[in-house]
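# Examining the three-dimensional arrangement
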Amino acid sequence: MAVIHATAQSFDRLISHGTVLVDFWAGWCAPCRMQSSVIDELDRELDGKVTFVKVNVDDYPELSRKYRVLSIPMLVLFRDGEAEDVAVGLQSAEQLRKFIG
């Protein structure tokens, strides 16, 4: 399954079902670009068990405000539409495996 780039219109639908890891990021953020490669690796490894969604904070500032994104990369773990946990800063694949559970 491919990583999905959310819009303000698609966000609620994307997080509504199952386990979803949302990556709040920006193109100018070097740690965010490094985080993307880790997320791509986990997306292949977990093969549909988790949905990976990216939100560009520059394109969708309303979502950034809603989830109080003050530093990026910021990862929010949702289960069936409910925010369960938050991780801020670059996370390794091992850290994310534990984070997702």
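Residues numbered from 1 in each chain as written. Predicted model: local features only at pLDDT ≥ 70, side-chain atom pairs only at ≥ 80, totals over all residues. Heavy atoms only, no water.

### A look at the pattern of salt bridges
What counts, and what does not: Take a side-chain nitrogen of Lys or Arg and a carboxyl oxygen of Asp or Glu: if they are within 4 Å of each other, that pair is a salt bridge. The secondary structure listing takes helices from DSSP runs of H or I that are at least 4 residues long and strands from runs of E that are at least 2 residues long, numbered from the N terminus. Only protein chains enter the accessibility calculation, which uses a 1.4 Å probe; a residue is then buried when its area is under 20% of its type maximum, exposed when over 50%, and partly exposed in between.
This structure, assessed with the given rule, holds 6 salt bridges. Arg97 is paired through a salt bridge with Glu45; the nearest N and O atoms lie 2.8 Å apart. With Arg97 in helix α4 (residues 93-100) and Glu45 in helix α2 (residues 30-46), this pair connects stretches of sequence that are 52 residues apart. For Arg97, a relative accessible area of 30% puts it in the partly exposed group. By relative accessible area, which is 41% here, Glu45 ends up partly exposed. Across the pair Arg79 and Glu84 runs a salt bridge, and its minimum N-O distance is 2.7 Å. It is possible to trace a salt-bridge network through shared partners that takes in Glu41, Glu45, Glu94 and Arg97.

### A short note on the state of the cysteines
What counts here: Note on terminology: disulfide denotes any pair of cysteine sulfur atoms within 2.5 Å.
Taken as a whole, this structure holds 1 disulfide when the rule is applied. The disulfide partner of Cys29 is Cys32, and the gap between their sulfur atoms is 2.4 Å. Between Cys29 and Cys32, the S-S torsion sits near 75°, and that sign places the bridge as right-handed. Judged by relative accessible area, which is 4%, Cys29 ranks as buried.

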